[in-house]
There are 2 protein chains.
Amino acid sequence: MLKPYPFLLLAAGLLANRLTAQTAPPADKPLLGFSPATAATEYQLESKFDTQLKADNLRQWMKRLAAHPHHVGSAYDKANAEFMASLFKSWGYATRIDVSYVLFPTPKLRKLELVAPTAFTASLTEKPVPEDATSGQTSEQLPTYNCFSKDGDVTAELVFVNQGIPKDYEELARRGIDVKGKIVIAKYGGSWRGIKPKVAAEMGAIGCLIYSDPKDDGYAQGDVYPKGPFKPETGAQRGSVLDMPTYPGDPLTPGYGSTKNAKRLDYRTAPTLTQIPVLPISYADALPLLSALAGPMAPPDWRGALPISYHLGPGPAKVHLQLEFNWKTEPVYNVIATLRGKELPDEWILRGNHHDAWVNGASDPLSGMVAELEEARALGELVKTGWQPRRTIMFCAWDGEEPGLLGSTEWAETNAKDLQKHVVAYLNTDNSDRGFLGVAGSHTLEKFFNQVARDVPDPEKPMSILERRRASDLVNGSAEVQKDARERADLRIGALGAGSDYSPYIQHLGIPSMNVGFGGEGAGGEYHSIFDSFDDFTRFKDPTFAYGVALAQTMGRCVLRLADADVLPFEFQNLSNTVAKYGTEVKKLTDDMRTETERQAKLLAEKRYEAVSNPDQPLLAPKAQAPVPQLNFAPLDAALQKLAQSAQAYEQARQNPLPADRQKALDQLLYQAEQQLLSTEGLPRRPWYRHQLYAPGFYTGYGVKTMPGIREAIEERKWAEADEQIQRTAAAINRFAGQVNQAAATATPKVL
Amino acid sequence: MLKPYPFLLLAAGLLANRLTAQTAPPADKPLLGFSPATAATEYQLESKFDTQLKADNLRQWMKRLAAHPHHVGSAYDKANAEFMASLFKSWGYATRIDVSYVLFPTPKLRKLELVAPTAFTASLTEKPVPEDATSGQTSEQLPTYNCFSKDGDVTAELVFVNQGIPKDYEELARRGIDVKGKIVIAKYGGSWRGIKPKVAAEMGAIGCLIYSDPKDDGYAQGDVYPKGPFKPETGAQRGSVLDMPTYPGDPLTPGYGSTKNAKRLDYRTAPTLTQIPVLPISYADALPLLSALAGPMAPPDWRGALPISYHLGPGPAKVHLQLEFNWKTEPVYNVIATLRGKELPDEWILRGNHHDAWVNGASDPLSGMVAELEEARALGELVKTGWQPRRTIMFCAWDGEEPGLLGSTEWAETNAKDLQKHVVAYLNTDNSDRGFLGVAGSHTLEKFFNQVARDVPDPEKPMSILERRRASDLVNGSAEVQKDARERADLRIGALGAGSDYSPYIQHLGIPSMNVGFGGEGAGGEYHSIFDSFDDFTRFKDPTFAYGVALAQTMGRCVLRLADADVLPFEFQNLSNTVAKYGTEVKKLTDDMRTETERQAKLLAEKRYEAVSNPDQPLLAPKAQAPVPQLNFAPLDAALQKLAQSAQAYEQARQNPLPADRQKALDQLLYQAEQQLLSTEGLPRRPWYRHQLYAPGFYTGYGVKTMPGIREAIEERKWAEADEQIQRTAAAINRFAGQVNQAAATATPKVL
């Protein structure tokens, strides 16, 4: 489900698998959680693991799993689950398929017409290309649609709203344009797609179209498929519009598992469905609609790459949008394969990727899924040589991720208690191609992951994947990123927002999580279209599967080290450093808003906006904003200080040799520390999200908001709430620091 | 010739003439150069002047002068000169037409073909539109061409070079692309057009095409003509490519007047002609050429609004470009109308605008020309009421500006000695439309001009043109501009680069000059095309001529105040403030280049560029740069300090009542001070440019470079030259400060 990495837009091609040219890391490097002796053993194990990995396995499995469309409810979705279960079994895993029953609407009727000033009927059809073997499987393909749009039949004037995020509507208001009773057309981009109909409905629109502008996702990016990897004119992006920033998973079972007989809401009243009908369209279908708009020109940065003058409307373009869906309940098949730990079987390492797709899904999700399969197979081979993990390892293949993290969320909600009790960490991948390491996750695992990335060779360059990423930060990063890359020993990993199956684990259950992938050299326009195929992937994404193998090496090391460490390799000073940065950011955000609010108030009082407004194209003054008060950040500052001290205390304590009888207690304190960052009330207006440090933005969707309670209250100018949330976040950090101090005490030998 | 103001891109339309709604400024405001008593008289005179101004005169004259194409050498060009001369005569001016004889090439043959991979022949023809009365005068129109391109007949592979400025070629080099032996195609924009073939030739290209991309100048900006004001697909921008940054004027008579029998260079060896053939084309003609390019994608910010993937080439597109010109000598007719001063006839105020156009030239240049005519007529009316100026006023209508400031430059060179002896200031206008005041000039006149702008009402808003400009600076300006607008009493006027007839006066002769116009609400794509017509202007630019009248009010006040002031209204503290800012800028430029050079050297040493390069689309490391040394800015700092002191000394001195016997001496010291800023050697590699504070950029053309000797040496990393130029500029500032001190002494009553 994850969008491809945006930081570089380059097409990929063939390259030699250079893995053999790589050299293993010196075995004498220190390893967090291991003694020098156990580290040496671990390194030997990892070398054996590497030698097992075969790019051709990834290729064969992708070809098999992507051979037919395999969305939720399709025959091939079930077949893939059973095929993977049989593989896990054959490798010696205790394997089961856990089934949940979820709402999964599919299109019954889709109609989009321009009814004025001229007539045009949108094709709503992606055109297969002969160069792509599976693109013609039309009878098995889901039509282009946005899943969890409500039914609707609306006719109204059209308004172009750029990306359809809140600030776009402020620009429209300054041009005297109101979308009440109108149908809006928004570009993809700038937010997760589900935000667009949500905000449009809040603004009073009665329908929403989302199109892919060729500037962002088409010929302006490069040659289109099949000549190049970019979106052809009939390509359209399917995708969920479930209000996941409120809660993901089955909309009918909020916060609990959608087991066979679970109590369910009526879908007509389910809070996470859209309030208005919404449909994704291609730029071929968007062109006649946008061309028919009049009214003011769109602001320069709103204009796309279609050969037209982008006007805002409303009208004279008038459109008719009619949507009806089959509101069916479907089974989702989560494959769970377990390798029991020898010494600490009650400590579980979870490794997951989803297997369902919108169509054939070679890149999304199979590029990550086949790496996970190869990791599992390689571990199976190690077991044959006599190795057994100290802790329990569970490989998961989730179903129903695309419609809204359905499989992973329902499984997490069903097994919440056990998971919070046993799970050490959740390690996620999803679509991945070529180029540069991308990683986000719990900062308690940052140092641990840096050691992993340090030890994995890059397939293209004679260096580790960590060093290649550092080079990218130094050459292409912002000033802040460059500074980090120069001055910081460890790569600062990102924070988790939304977009894949880690969300329920970290944000709802407080389980330390990571998400990893490669990107930047495999950009294209296949995302959620019939062109995300084996042919496309092997032509443009990762043709040799060299980065697929690198991903297996990376995630395999994560699993092995977490499973076999003497003490779990958590570290808190990096976290403390990053959380302090969040604190600085929210203060600066407040100060910057105050300065800008004062500047604007002055300009308003002086009537400067009227003075510059062009009589022929009036631009109204922005709405006056109340002054930004001083917030009380003292509780946060105190908590951050306590956090820093506790992190240092544990850093000292963990230098000591640990008595065997305290290892288990210490492990538990460490992996459950993150749960202290949850608040029982959860975030304002979305209690499902309980983590006080990480959440997807309520108005951005994918994009993470760190310290979300505080940050979003400030962004939305809810000053009283901001002060409350400062308290609540400070309390969570204090609880966390308290547990870190306990861990430090536990790790410190008693003085007699 | 000036490009329309880019700071706002809005189409204009009809609006009521609100002049009557405006109120005159309180007559008690102090007036630089006047006593309270004489100021009162001056204000009365200016009110009488205002009442004379009639928008309908501007309209009728524009209609008459734009009725036919009137480029150099055309019958209508001569007819317009004679018509205006007759007008000036009828208003009581001693009027003459001064003729120079200049090289003016026109197309004999233009051929542009795509010869591979497919065949296409460019139309090179602008399509007339029925809604535009003069656009169909095809037999009288000059074809689309770049004047002073050399003849040529070349066939080669095509390379897309973005805007064709030096940094674009650095990007190409990083992609392994060399233009040696190739034909380049560049977008308009980013520099004056003449820079593009100049740089292309330096890089080894053998031909150059310049096209108007619809992103900058076409449908992406708004509806195209005649529905809207923007460039239709066949529109092309004519224009000179004479190497004016080396020297403007007749290329055959560098530095001296091109009188009938002047010694002339052979045009084949004239240094300011292009080294390679160059032709401007429409986006309709560019589309097939750009579509036929392969090779790497152009960098994202190079891509335009054509519905294609912008590739760089070279090839497979191969083009044949053949150009032949008639290398004729033509007369240019400068109209000079004089109103002799009563008291100080040897002090001349020059007011000018050009009258030649590329085609019908309603906006460029007639919008400014008709304002000047109305100013002259109104003064004539004042004379009838018994008024006579203290100083001599000369109205000039220049010919041959479009091909390269030919008329004004040759006249300035012919009369150099007299002009340096007598001219107080040169006041220029050119194309002007609607919206916001734009002004650049000698900063010795900044405070003077602010007082003028303070007293002219804006036609659209109930405030002065100065206050409306301040509002624009506050709402839309950069942080620096906003700060100035808040904290500075006076609007900081711009510095003069190139682009209109002030260039020889300020940059070659050191005569204080100003250039003034309105813009921001009349944007369009008519520039230098057959669509710059009376119909276009009255539909989209300044339909009621309200801003034309405002321009007449502004320039009329400049003329009247300079002509009648007790003492010439020069002021030096504003200049000192701005020149100090230039000093800070060139230091910061050096420091920033040093930091970036060090950063890059480090990345090169660490091989970071190789590390991030995509094997499928290699991006080579940038060329290593020698370290940036420390420059000795001490002489400049000392000179700036001396300047500040002299400015303050004059400020104090001018408070004293001035004995009548010293007025003339003081005037002369004041208006000739600017000549102290000239260096006898001129700028490196272009001795014609002698001003040490202002020059057009050698590699930007229009864009001014302040402290050009220093700044360009730094930009081009000529460190020894930079140190020399610091000395030379410091010396000029010291000479200037010396003369300001003399003025101060002269203005100070002798103590007995």
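This is a predicted model, so every value here is computed, not measured.

Points about the overall build of chain A
- Broken down by element type, chain A carries 23 helices and 16 strands.
- Since a compact globule built from 752 residues should have a radius of gyration of about 27 Å, the 26 Å found for chain A is in line with a globular shape.
- Counting the 752 residues in chain A, one finds 66% classified as buried.
- When the accessible surface of chain A is split by element, carbon and sulfur atoms take 55% of a total near 25000 Å².
- Across chain A, 83 positive and 90 negative side-chain charges occur, with their mean positions spaced 2 Å apart.

So, the interface of chain A and chain B
- Each partner contributes to the interface: chain A provides 48 residues, whereas chain B provides 48 residues.
- Carbon and sulfur atoms make up 47% of the surface buried where chain A meets chain B, a total of about 3800 Å² over both sides.
- Counting the contacts that link chain A with chain B gives six salt bridges.
- For Arg486(A), the salt bridge is made with Glu606(B), and the minimal N-O distance between the two is 2.8 Å.
- Run the count over chain A and chain B and you get 30 residue pairs in polar contact (both at pLDDT 80 or more).
- Only helix H13 (465-476), helix H14 (479-487), helix H18 (573-605) and helix H19 (608-612) of chain A provide two or more residues apiece to the side of chain A that touches chain B.
- A total of seven residues in the side of chain A that touches chain B trace back to one element, the largest contributor, which is H13(A).
- Tallied by class, residues from the side of chain A that touches chain B come to 21 nonpolar, ten polar and 17 charged.

Structural notes on the pattern of salt bridges
Residue and element names in this part refer to chain A.
- Under the counting rule described, the total for this entry stands at 104 salt bridges over all chains.
- For Arg351, the salt bridge is made with Glu375, and the minimal N-O distance between the two is 2.7 Å. With Arg351 in strand S10 (residues 344-354) and Glu375 in helix H8 (residues 362-384), the pair connects residues that are 24 residues apart, well separated along the chain. Grouping residues by exposure puts Arg351 and Glu375 together as buried.
- In this structure, the salt-bridge partner of Glu526 is Lys541, at a minimum N-O distance of 2.9 Å. Pair noted here: Glu526 is in the loop between strand S14 (513-520) and helix H16 (534-541) and Lys541 is in helix H16, with a separation of 15 residues, a long-range link. Lys541 shares its class with Glu526; the two are buried.
- In this structure, a network of salt bridges that share partners links the residues Glu46, Asp50, Arg454, Asp455, Arg557 and Arg561.

A look at the state of the cysteines
- Following the criterion strictly, the structure yields zero disulfides over all chains and no others.
- With no disulfide partner, Cys558(A) has as its closest neighbouring cysteine sulfur the one in Cys396(A), 15 Å distant.

Side note on the relation of the copies chain A and chain B
- When chain A is fitted onto chain B, the two copies agree to an RMSD of 0.0 Å after a turn of 180 degrees and an axial shift of 0.0 Å. A rotation of that kind, with that shift, is consistent with a two-fold axis.

Points about the packing of helix H1 (residues 36-52) of chain B against helix H17 (residues 546-564) of chain B
Residue and element names in this part refer to chain B.
- Relative to each other, H1 and H17 sit at 145 degrees, their axes nearing to 11 Å. In the crossing of H1 with H17, the sense of the turn from one axis to the other is right-handed. For the pair formed by H1 and H17, the contact residues are Glu42, Tyr43, Leu45, Glu46, Phe49 and Asp50 on the first element and Ala552, Gln553, Gly556, Arg557, Leu560, Arg561 and Asp564 on the second.
- Residues that form the contact of H1 with H17 fall into these classes: five nonpolar, two polar and six charged.

What about the UniProt feature "domain: PA" (unreviewed entry) in chain A?
- Here the UniProt feature "domain: PA" (unreviewed entry) sits at residues 154-230 of chain A.
- Helix makes up 27% of residues 154-230 of chain A and strand 22%, with an end-to-end C-alpha separation of 32 Å.

Quick word on the pairing of strand S13 (residues 435-441) of chain B
All names here are of chain B.
- Burial analysis of S13 places seven of its seven residues in the buried class, which makes it a mostly covered element.
- Looking at chain direction, S13 and strand S14 (residues 513-520) are connected through seven bridges and run antiparallel. Residue Gly435 lies in a different strand from S14, and its bridge partner there is Gly520.

Notes on the packing of aromatic side chains
- Within the structure shown, the criterion is met by 50 aromatic pairs over all chains.
- Arranged with centres 5.7 Å apart and planes meeting at 70 degrees, the rings of Phe572(A) and Phe736(A) form a pair that is edge-to-face. Here Phe736(A) lies in helix H23 (residues 719-747) and Phe572(A) lies in the loop between helix H17 (546-564) and H18, a separation of 164 residues in the sequence.
- The exposure class of Phe572(A) is buried, given its relative accessible area of 2%.
- The interplanar angle of 25 degrees and the centroid separation of 5.8 Å between the aromatic rings of Trp398(B) and Tyr505(B) together place this pair among those described as stacked.

Points about the side chain of Ser464(B)
Residue and element names in this part refer to chain B.
- Relative to the helices and strands, Ser464 resides in the loop between helix H12 (446-454) and helix H13 (465-476).
- A relative accessible area of 13% means that Ser464 is categorised as buried.
- Looking at Ser464, its side chain comes within polar contact range of the main-chain nitrogen of Glu467, at 3.0 Å.
- Ser464 has contacts with Ala453, Arg454, Val456, Pro457 and Asp458, leaving out every residue within four places of it along the chain.

Considering the packing of helix H8 (residues 362-384) of chain B against H17(B)
Residue and element names in this part refer to chain B.
- The interhelical angle for the contact between H8 and H17, taken along N-to-C directions, is 55 degrees, at an axis separation of 9 Å. One finds that H8 runs oblique with respect to H17. Our pair here, H8 against H17, has a crossing hand that is right-handed. Two secondary-structure elements touch here, H8 through Gly368, Ala371, Glu375, Leu379 and Leu382 and H17 through Gly548, Leu551, Ala552, Met555, Gly556, Val559 and Leu560.
- Its residues assigned to classes, the contact of H8 with H17 comprises eight nonpolar, three polar and one charged.

Topic: the domain arrangement of chain A
All names here are of chain A.
- Segmentation of chain A into domains returns domain 1 (6-103 + 330-463 + 493-564), domain 2 (107-327) and domain 3 (573-747).
- Between the C-alpha centres of domain 1 and domain 2 the distance comes to 31 Å.
- The partner domain 2 presents 50 residues to the 37 residues of domain 1 that form the contact.
- Between domain 1 and domain 2, roughly 3500 Å² of surface is buried when both sides are summed, and carbon and sulfur atoms account for 59% of that area.
- Of all residues in domain 1, Leu103, Ile530 and Phe531 bury the most surface against domain 2, accounting for 22% of the area lost on that side.
- Scanning the region where domain 1 abuts domain 2 turns up zero salt bridges.
- Linking domain 1 to domain 2 there are 22 residue pairs in polar contact (both at pLDDT 80 or more).

Quick word on the UniProt feature "domain: Peptidase M28" (unreviewed entry) in chain A
- In the numbering used here, UniProt assigns the feature "domain: Peptidase M28" (unreviewed entry) to residues 334-536 of chain A.
- Segment residues 334-536 of chain A splits into 41% helix and 23% strand. End C-alpha atoms: 27 Å apart.

Thoughts on the confidence of the model for chain A
- Residues at a pLDDT of 70 or more form 96% of chain A, whose mean pLDDT is 95.
- Interface confidence for the predicted complex, given as ipTM, is 0.94, next to a pTM of 0.95.

Comments concerning the environment of Arg377(B)
Residues and elements named next belong to chain B.
- Among the secondary structure elements, Arg377 is positioned in helix H8.
- Counting along the chain gives 182 residues from Arg377 to Val559, while the straight-line C-alpha distance between them is 13 Å.
- When sequence neighbours within four positions are dropped, the list of residues in contact with Arg377 reads Gln52, Leu53, Lys54, Asn57, Trp61 and Trp91.
- Here the side chain of Arg377 touches Gln52 through a polar contact of 2.5 Å, landing on its backbone oxygen.
- Of note is the side chain of Arg377, whose polar atom sits 2.7 Å from the side chain of Glu374.

Procedures and definitions
- Residues numbered from 1 in each chain as written.
- Chains lettered and ligands numbered in written order.
- Predicted model: local features only at pLDDT ≥ 70, side-chain atom pairs only at ≥ 80, totals over all residues.
- Heavy atoms only, no water.
- Helix = DSSP H or I, 4+ residues; strand = E, 2+ residues; numbered from the N terminus.
- Rg over C-alpha atoms; globule rule 2.2 N^0.38 Å.
- Buried < 20%, exposed > 50% of the residue type's maximum accessible area, 1.4 Å probe, protein only.
- Areas by Shrake-Rupley, 256 points an atom, 1.4 Å probe, with all protein chains shown as cover.
- Lys, Arg positive; Asp, Glu negative; His and termini not counted.
- Charge placed at Lys NZ, Arg CZ, Asp CG, Glu CD.
- Contact = heavy atoms within 4.5 Å.
- Buried area = accessible area lost by both parts, 1.4 Å probe.
- Salt bridge = Lys/Arg side-chain N within 4 Å of Asp/Glu carboxyl O.
- Polar contact = N/O pair within 3.5 Å; in protein donor to acceptor, adjacent residues only side chain to side chain.
- Nonpolar A, V, L, I, M, F, W, Y, C, P; charged D, E, K, R; others polar.
- Disulfide = S-S within 2.5 Å.
- Least-squares fit on C-alpha atoms with pLDDT ≥ 70 in both.
- Axes fitted to C-alpha atoms, helices over the stretch in contact; angles between N-to-C directions.
- Left-handed = near helix turned anticlockwise from the far one by under 90°.
- UniProt positions renumbered as here; feature names shortened; annotations may be inferred.
- Pairing = 2+ DSSP bridges.
- Phe/Tyr/Trp six-rings, centres within 6.5 Å; stacked < 30°, edge-to-face > 60°.
- Parallel < 35°, antiparallel > 145°, perpendicular 65-115°, else oblique.
- Domains from an automatic or database assignment.
- pLDDT = per-residue confidence, 0-100.

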